[in-house]
Amino acid sequence: QVQLVESGGGLVQPGGSLRLSCTASGSIFSIYSLGWYRQGPGKQRELVATITSGGYRNYADSLKGRFTISRDNAKTTVYLQMNSLKPDDTAVYYCNFHSYENGNDYWGQGTQVIVSS
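Along each chain, residues carry numbers from 1 onward, in the same order as the chain's sequence is written. Thresholds applied to this predicted model are a pLDDT of at least 70 for local features of residues and 80 or more for the giving and counting of side-chain atom pairs; totals over whole chains, interfaces and linings are not thresholded and use all residues. Just so you know, side-chain values use all the structure's heavy atoms and leave hydrogens and water out.

Colleague: Give a detailed account of the sheet that holds strand β8 (residues 77–82), specifying residues and quantitative values.
Modeller: DSSP calls a pair of strands paired once it identifies at least 2 bridges connecting them. Numbering goes from the N terminus for both helices and strands, where a helix is a DSSP run of H or I of at least four residues and a strand is a run of E of at least two. One open sheet accounts for 4 strands, arranged β1-β3-β8-β7; its pairing is antiparallel. Pairing within the sheet leaves two strands with one partner each, and these edge strands are β1 (2–7) and β7 (67–71). Mean inter-strand twist for the sheet, computed between neighbouring axes without regard to direction, equals 20°. Sheet topology note: the β1/strand β3 (residues 18–26) ladder contains 6 bridges and is antiparallel. When the sheet's bridge partners are listed, Val2 is paired in β3 with Gly26. Lines are fitted to the C-alpha atoms to define the axes, a helix being fitted only along its stretch in contact, and any angle between axes, read from their N-to-C directions, falls within 0 to 180 degrees.

Written as C-alpha cells, this is what we have:
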C-alpha cells in the first residue's frame, strides 16, 4: 500500500500562482511515477504532470510552460508549481502514484483549486 498526502490547494485570482505538494509513504517500489491529475467540473480526469523515479517528466501539452513538476531529494514528495492560472484550471487536483513493477495505481484524496476573481 501507498499513502498519499496532498496540500496546497485553494482560491486564487486569474494570473496568480499556487504550489501543490504530495508526499508518498508506504510500499514505494523502485520503479514508479508520482504526479498529478485533475478533474474539472463536468469533465473527465486528465493528466497534469508526472515524474518517474528516474526523473523523466511528462506534461499535458496544454500546460507546458505554465506548470512545473519537481521533487525532493528523497523522491517521495512532488511539487506542482502552477503559474498564470486561468479559470479553466479550476479543478480537483489528485496526486497519483503508479507502480511500474505491479501496475497498481494509488490516489490521494484530492485538493481543490479554484481560479476566480
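Colleague: Lay out the pattern of salt bridges with the relevant residues and their values.
Modeller: Side chains that differ in sign of charge can pair as their charged atoms come close. One speaks of a salt bridge when a side-chain nitrogen belonging to Lys or Arg is within 4 Å of a carboxyl oxygen belonging to Asp or Glu. Evaluation of the coordinates by the stated rule reveals 4 salt bridges. Ionic pairing is found between Arg38 and Asp89, a salt bridge with its closest N-O pair at 2.9 Å. You can see Arg38 sitting in strand β4 (residues 32–39) and its partner Asp89 sitting in the loop between β8 and β9 (91–99), a full 51 residues away along the chain. The class of Asp89 is buried, set by a relative accessible area of 1%. With its nearest N and O atoms 3.3 Å apart, the salt bridge here joins Lys64 to Asp61. In the salt-bridge network here, residues are joined through shared partners; they are Arg38, Glu46, Arg66 and Asp89. Burial classification: accessible surface area is computed with a 1.4 Å probe over protein chains only, and a residue below 20% of its type maximum counts as buried, one above 50% as exposed, and the rest as partly exposed.

Colleague: Which residues make up the nonpolar core, and what values do they have?
Modeller: Only buried residues count toward a nonpolar core, which is a set of Ala, Val, Leu, Ile, Met, Phe, Trp, Tyr and Cys residues joined through side-chain atoms within 4.5 Å. Counting 29 residues, the largest nonpolar core has Leu4, Trp36, Leu80, Met82 and Tyr93 as the members making the most contacts within it. When residues of this core are traced back to their parent elements, those giving at least two are β1, β3, β4, β5 (46–52), β7, β8, β9 and β11 (111–115).

Colleague: Can you break down the packing of aromatic side chains residue by residue, with the values?
Modeller: Geometrically, a pair of aromatic rings is defined through the distance of the ring centres and the angle of the planes. Centres within 6.5 Å make a pair out of two Phe, Tyr or Trp rings, where for Trp the six-membered ring is used; the pair is then stacked when the planes are under 30 degrees apart, edge-to-face when over 60, and tilted otherwise. Within the structure shown, the criterion is met by 3 aromatic pairs. With a centroid separation of 5.0 Å and 25° between ring planes, the pair formed by Tyr32 and Phe97 is classed as stacked. Placement of Tyr32 in strand β4 and of Phe97 in strand β9 is noted, with a sequence separation of 65 residues between them. Phe97 shares its class with Tyr32; the two are buried. Consider the rings of Tyr37 and Trp107, whose centres lie 5.3 Å apart with planes at 70°: the pair is edge-to-face. Placement of the pair is Tyr37 in strand β4 and Trp107 in strand β10 (residues 105–107), with a sequence separation of 70 residues. One aromatic cluster is present, formed by Tyr32, Phe97 and Tyr106 through successive ring pairs. Above the plane of the ring of Tyr94 lies Arg45, whose end atom (NZ or CZ) is 3.8 Å from the centre. To sit over a ring, a charge needs its Lys NZ or Arg CZ within 6 Å of the ring centre and within 35 degrees of the ring normal. Sitting over the ring of Trp107, Arg45 keeps its end group 4.5 Å from the ring centre.

Everything listed here is a matter of geometry and, on its own, says nothing about what the molecule does.
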